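Spelled out, the chains give:
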Amino acid sequence: MEQTKSSKLRVNPSALFLSFSRISLSSFGGAIFWARRELVERRGWLTDREFVEIFTLGQLLPGPNVLNVTVIVGHRFAGWTGAAAGVAGFLGWPVLVVVGMGVLYQHYGALPHVRQALAGMSSVAAGLLFATVVKLAMVLPRNWRPWLFGALAFAGVGIMRWPLLWVMCALAPGAIFVAWKERE
Amino acid sequence: MERLNLVEMFLHFLVLWFLAIGGPSAIFPDIHRYLVESRQLLTNAEFVELYTLAQVAPGPNAMYVTLIGWHLAGWKGVIATTIPLLIPATTLTLLVGHLNERYPGARFGRVVRRALTPITIGLVLASATILMRAVNHNWGGYLITLLTVIVVLRKSWSPLWLFAAGALAGVAGLI
């Protein structure tokens, strides 16, 4: 487990492709668990600490978190080729699966039983999102300022249905200013 | 389909992905607004069904945009909706990753993260309510949503089992 200077390690792009294919195809509802298992436990390319640092960075940046992790890890071990190989493995298979689903949906999406099943699954999907909100909100500090920005974002985008770009331009500078002024 | 402008959709999605801090759920409300309300390319029901289908596919949750692209315009649509999600990851991520190695522990990154987390929570809540209003037409749907929240917060079961249970409840006529 103990590794020093793993950043010097070079990895073959095809190994990156295979690893990120495995992560992608085993991850249903959140790839992060599988990414850690593959990169830290199975391959030993990253230490736990390195993995947490890269994941935190991936969360801070826009876009799917584990895709950001894929790009950083691929680039670190094999440059641009490695980043491309990792992304091809991570996104290529899901794109094919999803296109297959699209074909099935066009053929069978109108059947009553399919629509009933999808309706039940959509109610579950809504529940998953509410649960995500609860989990995220539990880590917020216990003062009113962060809640104010969250409420404004919800009202602007969810109730007023304003474009996200406007809402972010209006809220983000204020939120960053307040967070900067606060003591850590 | 004359309302469908792939270049415009590509550019709209590109701007959105640069705002998608906290992942794809943060931009779900705006994707819904654009496709269902503003451009009327999909009905509310189609949007919800495609989103839900993609949730049971492997890989990142964001793949629903790829499925919508396929539904609207085949492979061209896949490109118009999927390439935009790659661009912030390849440009910003590598740039910031580089800066992070040169200036480790910079305060600005932590501040931005702390500042934007509550906004992300508000946006995910907006996603959840839009989806719930679109799909739940009677008490059965709300009950399934509520049960899902309770189960997810108490157990660490795979979401696939919950989706399977939801599908069964739907076929049984509970929704």
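Here goes a summary of the coordinates provided. (Residues numbered from 1 in each chain as written. Chains lettered and ligands numbered in written order. Predicted model: local features only at pLDDT ≥ 70, side-chain atom pairs only at ≥ 80, totals over all residues. Heavy atoms only, no water.)

## So, the overall build of chain B
Each helix and strand in chain B was counted, giving seven helices and zero strands. In chain B, the succession of α and β elements from N to C terminus is α-α-α-α-α-α-α. Overall, the C-alpha framework of chain B stretches about 60 × 45 × 25 Å when taken along its three principal axes. For chain B, the residues scored as buried account for 57% of the 175 residues in total. Averaged over its 12 positive side-chain charges, chain B has a centre that lies 16 Å from the centre of its 7 negative ones. (Helix = DSSP H or I, 4+ residues; strand = E, 2+ residues; numbered from the N terminus. Buried < 20%, exposed > 50% of the residue type's maximum accessible area, 1.4 Å probe, protein only. Lys, Arg positive; Asp, Glu negative; His and termini not counted. Charge placed at Lys NZ, Arg CZ, Asp CG, Glu CD.)

## Observations concerning the interface of chain B and chain A
Taken together, the 97 residues of chain B in the interface contact 82 residues of chain A. Taken together, both faces of the contact between chain B and chain A bury some 8200 Å²; the carbon and sulfur share is 77%. Our count for the contact surface shared by chain B and chain A stands at three salt bridges. Here B:E49 makes a salt bridge to A:R115, at a shortest N to O gap of 3.0 Å. Secondary-structure elements contributing two or more residues to the side of chain B that touches chain A are helix 1 (6-19), helix 2 (28-38), helix 3 (44-55), helix 4 (64-102), helix 5 (107-135), helix 6 (139-154) and helix 7 (159-171) of chain B. Element by element, the count of residues in the side of chain B that touches chain A is highest for helix 5 of chain B, at 27 residues. Counted by class, the side of chain B that touches chain A contains 61 nonpolar, 25 polar and eleven charged residues. (Contact = heavy atoms within 4.5 Å. Buried area = accessible area lost by both parts, 1.4 Å probe. Salt bridge = Lys/Arg side-chain N within 4 Å of Asp/Glu carboxyl O. Nonpolar A, V, L, I, M, F, W, Y, C, P; charged D, E, K, R; others polar.)

## So, the pattern of salt bridges
Taken as a whole and judged by the stated rule, the model has 13 salt bridges over all chains. Here B:R114 makes a salt bridge to A:E182, at a shortest N to O gap of 3.1 Å. Within this pair, whereas B:R114 is found in helix 5, its partner A:E182 is found in the segment after helix 7 (164-181), the two belonging to separate chains. You can call A:E182 partly exposed: its relative accessible area is 22%.

## Observations concerning the packing of aromatic side chains
In the structure shown here, the tally under the stated rule is nine aromatic pairs over all chains. Each ring, one from A:F33 and one from A:W34, has its centre 5.0 Å from the other, and the planes form 85°; the classification is edge-to-face. Measuring from centroid to centroid gives 4.8 Å for B:F28 and B:Y51, while their planes differ by 65°, and the two rings are edge-to-face. With B:F28 in helix 2 and B:Y51 in helix 3, the pair connects residues that are 23 residues apart, well separated along the chain. Neither residue differs from the other here; B:F28 and B:Y51 are each classed as buried. Ring-pair connections join several aromatic residues into one group, and the members of that group are B:F28, B:F47, B:Y51 and B:Y64. (Phe/Tyr/Trp six-rings, centres within 6.5 Å; stacked < 30°, edge-to-face > 60°.)

Take it as geometry only, folks, not as evidence of what the structure does.
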